[in-house]
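# Topology and contacts: notes
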Amino acid sequence: MYDLLEKLTDFRTEVRAFCEENIAPHAVEVDEKQIVSTDVNKAINAKGWWGCTVPKEYGGLGYSNAEYVVLVEEISRVCGSTGLTFAAHNSLGTYPINTFGTDEQRLKYLPTTCKNGDLIAFGLTEPEAGSDAGGTKSKAVRDGDHYVINGTKSWITSAEPCTVAIVTARTSDEGGVKGISSIILEKSMDGFTAGKKENKLGCRGSNTAFLHMDDVRVHESQRLGDEGLGFKQFMITLDGGRISIGAMGLGIAQAALELASKHAIKRKQFGKPISAYQAIQWKIADMATQIEAARHLVYGAAYLKDTGKPMTKESAMAKVFASEVANFCTYQAIQVLGGDGYSSKYPAERYYRDMKLCEIGEGTSEVQRIVIAREVFKSVSKID
Ligand SMILES: Cc1cc2nc3c(=O)[nH]c(=O)nc-3n(C[C@H](O)[C@H](O)[C@H](O)COP(=O)(O)OP(=O)(O)OC[C@H]3O[C@@H](n4cnc5c(N)ncnc54)[C@H](O)[C@@H]3O)c2cc1C
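Because the structure is a prediction, the values reported are computed rather than measured.

## Some details on the overall build of the protein chain
Scanning the protein chain from N- to C-terminus turns up 12 helices and 10 strands. The C-alpha atoms of the protein chain give 21 Å as radius of gyration, which agrees with the globular expectation for 384 residues (21 Å, within 12%). On the principal axes, the C-alpha backbone points of the protein chain span a range of 80 × 55 × 40 Å. A total of 384 residues make up the protein chain; the buried ones form 54% of that total. A distance of 5 Å separates the average location of the 45 positive side-chain charges in the protein chain from that of its 48 negative side-chain charges.

What follows is the structure in structure tokens.
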């Protein structure tokens, strides 16, 4: 792992400098005004990062997952909202089209997003199907070589600004989760609309809204893979997505550690910098140690993905651990800053609000533990 992290050092230095210059200055406004910053999106687009993991033949940069994780970590270190928008677009938008799409679908959607930074959303969650996403109620009813789709998707990242969305819908009432398919929809299609933006606790600049499908008529060539593969596809997609949510937690935790450490060195009480007190040193030491452990889990899972090895358990571990480390570190950062930590004068409170998404999105911490335990039980039964 140290080898991998070392190889990424120069890349991280370049990415960090870019984020400090182009994203950090907008972070407060993005949060306060709850906006997706066009300046930020354009700057990311100029680097070609909206298509960072898309293969070069489809207009992308063909980055490895480890490089992608550096991007999510560093973007989230300066702005959680942008980190979430970025991670959702790449892990849940371009990834399924590239992985499960036909060549025609790849050519239709990937080069445009790589060139223009058009956002792609992923519509899985529904009002009645959250953790239990297999309980999808949206329906795609066949009409010749078309489907007519009806249903509602909730909590969808970039629902409003996206131009394209991959949605899951039931193409058959039989077969349980085997009756679910994935279909690519375009925002310009009749009957496909976004609802009102959610007013959230954190990641406020990342757009989240309902997606409504009212008699959306779509040709069967928009289906991703065969009928009935939707559930399997989104499980695979989420395995990868969870690594990026772990990376997001890691970036926010790192920002909290840096802020708390700098403050502790500067702030004097009882005639000494508070960094001289053991109570503060222990907080900093625990934050740094947990971040290091989280970094190994997150990059370890990215390495497994890059080398084509199974990583369902490892990506769930990376997500649950890194997001809980982010919770711990942002909480402690507020404590180290005292009253200043409780105020919007400093970003500690924003870090605390932004990180909470990491314990919920792409499967809650409880769901990650279900996934990990299932994998552990499977491996133990193999020993017998
Ligand atoms: C900001 C944000 C962005 C999002 N972006 C997207 C997106 O782009 N696309 C998308 O499809 N979805 C998205 N989501 C939805 C997200 O994936 C769901 O919120 C998440 O999966 C949890 O579902 P839920 O909110 O319905 O909670 P519920 O499933 O109702 O869970 C409520 C509580 O019950 C617990 N629980 C549920 N089942 C079990 C169980 N079997 N055992 C133990 N505990 C359980 C949960 O862990 C949780 O604590 C987003 C959510 C947020 C907040």
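## Regarding the packing of aromatic side chains
With the rule as written, the count across this model stands at seven aromatic pairs. Where F11 meets Y63, the ring centres are 5.4 Å apart and the plane angle is 90 degrees; that geometry is what we call edge-to-face. Of the two residues, F11 is situated in helix α2 (residues 9-22) and Y63 in the loop between α4 (38-47) and α5 (65-78); the sequence distance between them amounts to 52 residues. Among the residues examined, F11 registers a relative accessible area of 11% and is labelled buried.

## Notes on the site of the ligand
The full set close to the ligand counts 16 residues, and F122, T125, S131, W155 and T364 are the nearest of them. S131 is positioned such that a nitrogen or oxygen atom in its side chain is 2.6 Å from an oxygen atom of the ligand. The side chain of T364 places a nitrogen or oxygen atom 2.6 Å from an oxygen atom of the ligand. At the level of secondary structure, the elements contributing two or more residues to the shell around the ligand comprise β3 (146-157) and α12 (365-383). Broken down by element, the shell around the ligand gets its largest block of residues, three residues, from β3. Residue-level mapping places the shell around the ligand at the junction of two domains, with at least three residues from each of domain 2 (122-228) and domain 3 (231-383).

## Quick word on the nonpolar core
Of all hydrophobic cores here, the largest spans 87 residues; its most connected members are F86, I149 and L185. In terms of residue count, the dominant contributor to this core is helix α8 (residues 230-266) (13 residues). If we skip the residues at most four places from it in the chain, F86 touches I44, W49, W50, C52, Y68, L71, V72 and I75. Grouped together as the second largest cluster of nonpolar side chains are 19 residues, Y58, F122, V164 and L224 included.

## Comments concerning the domain arrangement of the protein chain
For the protein chain, the assigned domains are domain 1 (2-118), domain 2 (122-228) and domain 3 (231-383). Every contact between the two is made by 31 residues of domain 1 and, on the other side, 32 residues of domain 3. The largest share of the area that domain 1 buries against domain 3 comes from E73, R77 and F100, three residues that together contribute 22% of it. Across the contact surface, domain 1 and domain 3 share four salt bridges. A salt bridge links E258 to R16; its shortest N-O distance comes to 3.8 Å.

## Details of the pattern of salt bridges
Any two side chains of opposite charge can pair, given that their charged atoms come close. Tallied over the entire structure, the rule returns 23 salt bridges. Linking E20 and R77 is a salt bridge whose minimum nitrogen-to-oxygen distance equals 2.9 Å. Of this pair, E20 sits in helix α2 while R77 sits in helix α5; the two residues are 57 residues apart in sequence, bridging distant segments of the chain. Here K345 makes a salt bridge to D340, at a shortest N to O gap of 3.1 Å. Among the residues examined, D340 registers a relative accessible area of 21% and is labelled partly exposed.

## Re a nonpolar patch on the surface
Taken together, the side chains of V376, F377, V380 and I383 present a nonpolar region at the surface, about 420 Å² in accessible area. Considering the arrangement of structural elements, one finds V376 in helix α12.

## Quick word on α2
Taking 1.5 Å as the rise per residue, α2 with 14 residues should run 20 Å; its terminal C-alpha atoms sit 20 Å apart, in good agreement. By the burial criterion, the buried members of α2 are F11, R12, V15, F18 and C19. Along the long axis of α2, the arc covered by the buried residues comes to 130 degrees, so they all point the same way. The outward face of α2, more than 90 degrees from its buried face, is lined by the exposed residues D10, T13 and E21.

About the thresholds
- Residues numbered from 1 in each chain as written.
- Predicted model: local features only at pLDDT ≥ 70, side-chain atom pairs only at ≥ 80, totals over all residues.
- Heavy atoms only, no water.
- Helix = DSSP H or I, 4+ residues; strand = E, 2+ residues; numbered from the N terminus.
- Rg over C-alpha atoms; globule rule 2.2 N^0.38 Å.
- Buried < 20%, exposed > 50% of the residue type's maximum accessible area, 1.4 Å probe, protein only.
- Lys, Arg positive; Asp, Glu negative; His and termini not counted.
- Charge placed at Lys NZ, Arg CZ, Asp CG, Glu CD.
- Phe/Tyr/Trp six-rings, centres within 6.5 Å; stacked < 30°, edge-to-face > 60°.
- Near = heavy atom within 4 Å.
- Polar contact = N/O pair within 3.5 Å; in protein donor to acceptor, adjacent residues only side chain to side chain.
- Domains from an automatic or database assignment.
- Core = buried A, V, L, I, M, F, W, Y, C linked by side-chain atoms within 4.5 Å.
- Contact = heavy atoms within 4.5 Å.
- Buried area = accessible area lost by both parts, 1.4 Å probe.
- Salt bridge = Lys/Arg side-chain N within 4 Å of Asp/Glu carboxyl O.
- Patch = residues over 30% accessible without salt bridge, like charges linked within 9 Å, V, L, I, M, F, W, Y side chains within 5 Å.
- Areas by Shrake-Rupley, 256 points an atom, 1.4 Å probe, with all protein chains shown as cover.
- Expected span 1.5 Å × (residues − 1).
- Arc of directions from axis to C-beta.

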